[in-house]
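These are the residues of each chain, in order.
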Amino acid sequence: MSDLLTLYGKAFNSRLLVGTALYPSPAIMRESVQASASEIITLSLRRQNPAQQQDNRFWDYIRESGCQLLPNTAGCKSPREAVELAKMSQEIFQTDWLKLEVIGDDYNLQPDPFGLVEAARELIQLGFKVLPYCTDDLVLCRKLLDVGCEVLMPWGAPIGTGQGLLNKYNLQTLRERLSDVPLIIDAGIGAPSQAAEALEMGFDAVLLNTAIAKAQDPVLMANAFKLAVESGRAAFNAGLMLRRQTASPSTPTLDMPFWQQAESILQD
Amino acid sequence: MTSETKAKVAIAGGGLLGRLLAWRLCQRELDITLFEAGDLSAPVGGACWAAAGMISPLSELVHSDKQVYNLGLKSLELWPEWARQLKEQSGQDVEYRRAGSVLVAHGKDRSELLQFLRELQGKLGESAREQVQPLDSNTLAKLEPSLHGFEQGLYLRGEADINNHRLLPGLLSVLHRGAVSLREHSKVNCEAGYISVNSEREEFDCVIDCRGLGAKGQIEGLRGVRGEVMVVESREVVLQRPVRLLHPRYKLYAVPRSDGRTVIGATEIESEDQSPISVRSSMELSSALYSLNPAFAEARIVETRVNCRPATMDNMPYIHSEDGLIRVNGLYRHGYLLAPAVVEQVESQVAQQLLQVV
């Protein structure tokens, strides 16, 4: 059964997107990307001197992965800054895909919802395929769709915290209300179980970096996330059972009347 | 052996590796020529001059391979004796200091210290605990009275550092006195048994290529990783030993020198850009320094340095040996940590090769 992730008209097998920062070495980064089976990888142009980019061995190395590159605007604090960096990234990486970040708070790197919508509008007019990193606010997400985003990337928790899905109520609301929009949980995922949970909830994919790159064995952790994402997606497709208050034995105990069964459970 | 029969060894690159190799090898019966594309006198080009000279196998282990740690331990064994010999031969103290190093994190980042310990334990097992001493505000105040407002830290007793701005000129003065032929402003090409300067090809019994990024194109995957460093001078704040600040986003080390200056660094950017330090980097380094002690606000920025560390794609040191040619490279951010151990390996490979020649 094919179960593809389609983003801006392009289909992908993998539902795990990974970052390329913080690895112990480029070689381990590449091996981890392979182990994760990701087909989309993010990378940052920030802190680079655009005048000196003819010869960057590290980026060549990333390009050789054959993955869809998703340049980001990490660290940008204003729409202006983000748009300029996006244009530079487009030129250098030869792609119109963009993970849009406009940061509103320096300490927890929380997205600035107002700046984000403004930057997204402008970039979409310029022809970018914008994947905005946003909070889990329904109204913000709607506004981003209104300006033309086809994919949204709400956070699970602030970047690098590994806290998992902090506000499941909001996330569930997003999933239910925006049922036709590809939603990717971006940031805050620390453990494979959290990634699995996001997929079980019906999110289309997860994007993460730190949890793999800073693991003691990044390659092994990349594989763990690959399995978790596959597992979570399969569970979602299979249809999770509903939680019940009382236990229900898969084999009924015929020798006991049902009211006594209920009692014996209550006494446990 | 008479001078006519002395084996000829060429060393390409007058950075840390080139100098150490020339110094070590000139103590054997060899005819050594050291080629350098720029100047050998200070300020020296290349990563070795920009560095802070830390010899810290434990601090580095969290983001490097265990092999780097093991080589670092070997270097820690070798440095004291080498520093002593250099002082004897050059009359200059290279300020090798084994006073350990201190790691601190601010209150809300205290999980960084825990994470550091956990990663060390993951790589070294329980022996990690023996090498790391936890510090509370009292013990920290005794060890580093100038740190301000920290409640906890870690003391890595075994770590050391060396003043590279003493070491590199010291090595040069010893080479001047020794029988090493020094050829500056000589951009070379290295082949097995040959060195070419411009279009002239000279024959050698063994060529050692340690040109760092100068060897780009000859070593698969060799790249530069930009690093920015600031040097500040403060009368108020005096650190006793290298101090590292752990923070989720910024990394800072501060290495005090005997002249009252403190070297702070270092950024790590995947780029071979050699342009001056950026405003962002200088702000990050300054504010991290300020957070060690607000009195650093009145320190004077006396120098900034930018250079690119030569690294391979696995960030591991690169040693390649074939008949007549040895290439050594990719010491990355671990120059002073790895150099003695790597130089010893190269020395034995040179000896092996020359045995076959003679």
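How each quantity is defined
Residues numbered from 1 in each chain as written. Chains lettered and ligands numbered in written order. Predicted model: local features only at pLDDT ≥ 70, side-chain atom pairs only at ≥ 80, totals over all residues. Heavy atoms only, no water. Helix = DSSP H or I, 4+ residues; strand = E, 2+ residues; numbered from the N terminus. Rg over C-alpha atoms; globule rule 2.2 N^0.38 Å. Buried < 20%, exposed > 50% of the residue type's maximum accessible area, 1.4 Å probe, protein only. Contact = heavy atoms within 4.5 Å. Areas by Shrake-Rupley, 256 points an atom, 1.4 Å probe, with all protein chains shown as cover. Lys, Arg positive; Asp, Glu negative; His and termini not counted. Charge placed at Lys NZ, Arg CZ, Asp CG, Glu CD. Buried area = accessible area lost by both parts, 1.4 Å probe. Salt bridge = Lys/Arg side-chain N within 4 Å of Asp/Glu carboxyl O. Polar contact = N/O pair within 3.5 Å; in protein donor to acceptor, adjacent residues only side chain to side chain. Nonpolar A, V, L, I, M, F, W, Y, C, P; charged D, E, K, R; others polar. Pairing = 2+ DSSP bridges. Axes fitted to C-alpha atoms, helices over the stretch in contact; angles between N-to-C directions. pLDDT = per-residue confidence, 0-100. Expected span 1.5 Å × (residues − 1). Arc of directions from axis to C-beta.

### Things to note about the overall build of chain B
Turning to step 1, where the next piece is worked out: Along the backbone of chain B there are 10 helices and 19 strands.
Turning to step 2, where the next piece is worked out: Computed over C-alpha atoms, the radius of gyration of chain B comes to 21 Å, within 12% of the 21 Å expected from 2.2 N^0.38 for 358 residues, which places it in the range of a compact globule.
Turning to step 3, where the next piece is worked out: Taking the principal axes of its C-alpha atoms as reference, chain B extends roughly 65 × 40 × 40 Å.
Turning to step 4, where the next piece is worked out: In chain B, buried positions account for 56% of the 358 residues.
Turning to step 5, where the next piece is worked out: Taking all contacts inside chain B whose residues are at least 6 apart in sequence as the whole, residues at least 24 apart take part in 75%.
Turning to step 6, where the next piece is worked out: When the accessible surface of chain B is totalled, it reaches about 15,000 Å², and 47% of it is carbon and sulfur.
Turning to step 7, where the next piece is worked out: Between the averaged position of the 40 positive side-chain charges in chain B and that of its 46 negative side-chain charges there is a distance of 5 Å.

### Structural notes on the interface of chain A and chain B
Turning to step 1, where the next piece is worked out: Contact with chain A, which involves 21 residues of that partner, is made by 29 residues of chain B.
Turning to step 2, where the next piece is worked out: Summed over both partners, the interface of chain A with chain B buries about 2,100 Å², with 43% contributed by carbon and sulfur atoms.
Turning to step 3, where the next piece is worked out: For A:Arg57, the salt bridge is made with B:Glu220, and the minimal N-O distance between the two is 3.6 Å.
Turning to step 4, where the next piece is worked out: Counting across the interface, chain A meets chain B through 3 residue pairs in polar contact (both at pLDDT 80 or more).
Turning to step 5, where the next piece is worked out: Of the residues belonging to the side of chain A that touches chain B, the class tally is 7 nonpolar, 7 polar and 7 charged.

### Describing the sheet that holds strand S11 (residues 200-203) of chain B
Residue and element names in this part refer to chain B.
Turning to step 1, where the next piece is worked out: Read across the open sheet, the 3 strands follow the order S9-S10-S11; overall the sheet is antiparallel. Where the open sheet ends on each side, the last strands, each with one partner, are strand S9 (188-191) and S11. Averaged over all adjacent pairs, the angle separating strand axes in this sheet is 25 degrees, with direction ignored.
Turning to step 2, where the next piece is worked out: Sheet topology places strand S10 (residues 194-197) next to S11; 4 bridges connect them, and they run antiparallel. Residue pairing in the sheet places Val197 in a bridge with Glu200 of S11.

### Looking at the pairing of strand S4 (residues 40-44) of chain A
All names here are of chain A.
Turning to step 1, where the next piece is worked out: Taken across its 5 residues, S4 has 4 buried, putting it largely inside the fold.
Turning to step 2, where the next piece is worked out: Bridge analysis of strand S3 (residues 16-19) against S4 gives 3 bridges, and the strand direction is parallel. By the bridge assignment for S4, Val18 is matched with Ile41.
Turning to step 3, where the next piece is worked out: Here S4 pairs with strand S5 (residues 68-72) via 5 bridges, running parallel.

### Description of the pattern of salt bridges
Turning to step 1, where the next piece is worked out: Going through the model one piece at a time under the given rule, you end up with 40 salt bridges over all chains.
Turning to step 2, where the next piece is worked out: A salt bridge links A:Glu64 to A:Arg30; the shortest N-O distance between them is 2.8 Å. Of this pair, A:Glu64 sits in the loop between helix H2 (57-63) and S5 while A:Arg30 sits in helix H1 (residues 26-36), and the two are 34 residues apart along the sequence.
Turning to step 3, where the next piece is worked out: For A:Glu64, a relative accessible area of 48% corresponds to the partly exposed category.
Turning to step 4, where the next piece is worked out: Note on A:Arg30: relative accessible area 22%, which makes it partly exposed.
Turning to step 5, where the next piece is worked out: Between B:Glu270 and B:Arg223 there is a salt bridge, and its shortest N-O distance comes to 2.8 Å. Within this pair, whereas B:Glu270 is found in the loop between strand S16 (261-265) and helix H9 (279-292), its partner B:Arg223 is found in strand S13 (residues 223-233), the two being separated by 47 residues in sequence.

### Side note on the confidence of the model for chain A
Turning to step 1, where the next piece is worked out: On average, residues of chain A score 88 in pLDDT, and 88% of them reach the 70 mark or higher.
Turning to step 2, where the next piece is worked out: Of all helices and strands in chain A, the one with the weakest mean pLDDT is helix H10 (residues 258-267) of chain A (54), whereas helix H7 (residues 192-200) of chain A scores best (97).

### Some thoughts on the side chain of A:Arg15
Residues and elements named next belong to chain A.
Turning to step 1, where the next piece is worked out: In this structure, Arg15 sits in the loop between strand S2 (10-12) and S3.
Turning to step 2, where the next piece is worked out: In terms of polar contacts, Arg15 uses its side chain to reach the side chain of Asp3, at 3.2 Å.
Turning to step 3, where the next piece is worked out: For Arg15, the residues in contact, after removing those within four places along its chain, are Asp3, Leu4, Leu5, Leu199, Asp204, Ala205, Val206, Val229 and Arg233.

### Some words on unusual backbone geometry
Residue and element names in this part refer to chain B.
Turning to step 1, where the next piece is worked out: Residues Gly265 and Ala266 are joined by a peptide bond in cis, for which omega reads -15 degrees.
Turning to step 2, where the next piece is worked out: Position of Ala266 among the secondary structure elements: in the loop between S16 and H9.
Turning to step 3, where the next piece is worked out: At Glu95, a position not held by glycine, the phi torsion is positive, near 55 degrees.
Turning to step 4, where the next piece is worked out: Checked against the element boundaries, Glu95 lands in the loop between helix H4 (66-90) and strand S4 (101-104).

### Observations regarding helix H9 (residues 218-238) of chain A
All names here are of chain A.
Turning to step 1, where the next piece is worked out: The terminal C-alpha atoms of H9, which comprises 21 residues, lie 30 Å apart, in line with the 30 Å expected from a rise of 1.5 Å per residue.
Turning to step 2, where the next piece is worked out: Of all the residues in H9, the buried ones are Pro218, Ala222, Phe225, Ala228, Val229, Gly232 and Arg233. On an axial view of H9, the arc spanned by its buried residues comes to 125 degrees, and they lie on one face. Across H9 from its buried face, at more than 90 degrees, point the exposed residues Leu220 and Ala238.
Turning to step 3, where the next piece is worked out: Against S3, H1, H7, strand S10 (205-208) and helix H8 (210-213) lie the buried residues of H9.

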